[in-house]
Amino acid sequence: TLPPEVFRLAVEQAAVAISITDAKARIVYANPCFEKMTGYSCEELLGKNQSILSYKVTPRLVYDSLWGQLERQHPWNGLLVNRRKDGSRYLADLTITPVLNTAGETTHYLGLQRDVTEVH
Ligand code: FAD
């Protein structure tokens, strides 16, 4: 079986930006690729809401659909206009998956995002 350490190393070294939040979307983990993409260090991100990345131009409807899906414990995928620490804008292709505990409750969310500014 796969040692837990390999899970950690795989996430650390993934070439995709990965974050884990609590059930209120507060960041509890961000991998190095996430730091590089957003310009924020882990220390700056920990405890902050993921909305720290919002460029504030994504329509409310998009967030409503996002939270609607997550509340039903379904994954959500979509495009969000995000803002780096330096204020620059990028388009994020984001997939969020609820992480359920053994009792079936959502305790965390897993976020995977790629910068697709060039593609669109
Ligand atoms: P609102 O959506 O108005 O929400 C206010 C607060 O409540 C925020 O803390 C919000 O996160 C939280 N919230 C809202 N509805 C629920 C609910 N049903 N259950 C629990 N908490 C709720 N947004 C981005 O703009 N860019 C990102 O890259 C991004 N990545 C995310 C990654 C993950 C893993 C998660 C879970 C969320 C992500 N979000 C992202 C969504 C983000 O948390 C905000 O909902 C969004 O940015 C809108 O911000 P707001 O200030 O308008 O907050």
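See above for the structure.
Residues numbered from 1 in each chain as written. Predicted model: local features only at pLDDT ≥ 70, side-chain atom pairs only at ≥ 80, totals over all residues. Heavy atoms only, no water.

Can you help me understand a nonpolar patch on the surface in this one?
Nonpolar side chains collect at one region of the surface, where L2, V6 and F7 lie side by side and expose about 290 Å² of accessible area between them. By the secondary structure assignment, L2 is in the segment before α1 (4-13). (Patch = residues over 30% accessible without salt bridge, like charges linked within 9 Å, V, L, I, M, F, W, Y side chains within 5 Å. Areas by Shrake-Rupley, 256 points an atom, 1.4 Å probe, with all protein chains shown as cover. Salt bridge = Lys/Arg side-chain N within 4 Å of Asp/Glu carboxyl O. Helix = DSSP H or I, 4+ residues; strand = E, 2+ residues; numbered from the N terminus.)

So what exactly am I meant to see when it comes to the sheet that holds strand β1 (residues 17-22) here?
Pairing between the strands of a sheet is mediated by backbone hydrogen bonds and can be parallel or antiparallel. Spatial ordering of the open sheet is given by β2-β1-β5-β4-β3, a layout of 5 strands whose pairing is antiparallel. At either end of the open sheet lies a strand with only one pairing partner, and these are β2 (27-30) and β3 (76-83). This sheet shows a mean twist of 30 degrees between the axes of neighbouring strands, independent of strand direction. Against the sheet, helix α4 (residues 60-71) engages β3, β4 (89-100) and β5 (106-115), with an angle of about 135 degrees to β3. (Pairing = 2+ DSSP bridges. Axes fitted to C-alpha atoms, helices over the stretch in contact; angles between N-to-C directions. Contact = heavy atoms within 4.5 Å.)

What is the right way to look at the packing of aromatic side chains in this model?
In this description, an aromatic ring pair is defined by two values, namely the gap between the centres and the angle between the planes. Counting across every chain of the model gives 1 aromatic pair. Ring geometry for W67 versus Y109: centroids 5.8 Å apart, planes at 85 degrees, classification edge-to-face. Here W67, found in helix α4, pairs with Y109, found in strand β5; they are 42 residues apart in sequence, far enough to count as distant. (Phe/Tyr/Trp six-rings, centres within 6.5 Å; stacked < 30°, edge-to-face > 60°.)

Can you help me understand the site of the ligand in this one?
Neighbouring residues of the ligand: 20 residues in total, closest N49, R60, Y63, W67 and E71. Between the ligand and the protein, one listed contact pairs an oxygen atom with a side-chain N or O atom of Y63 at 2.8 Å. One of the side-chain nitrogen or oxygen atoms of E71 is found 2.3 Å away from a nitrogen atom of the ligand. Listed by contribution, the elements that provide at least two residues to the shell around the ligand are α4, β3, β4 and β5. At 4 residues, the largest contribution of residues to the shell around the ligand is made by α4. Here the shell around the ligand is built from residues that sort into 9 nonpolar, 8 polar and 3 charged. (Near = heavy atom within 4 Å. Polar contact = N/O pair within 3.5 Å; in protein donor to acceptor, adjacent residues only side chain to side chain. Nonpolar A, V, L, I, M, F, W, Y, C, P; charged D, E, K, R; others polar.)

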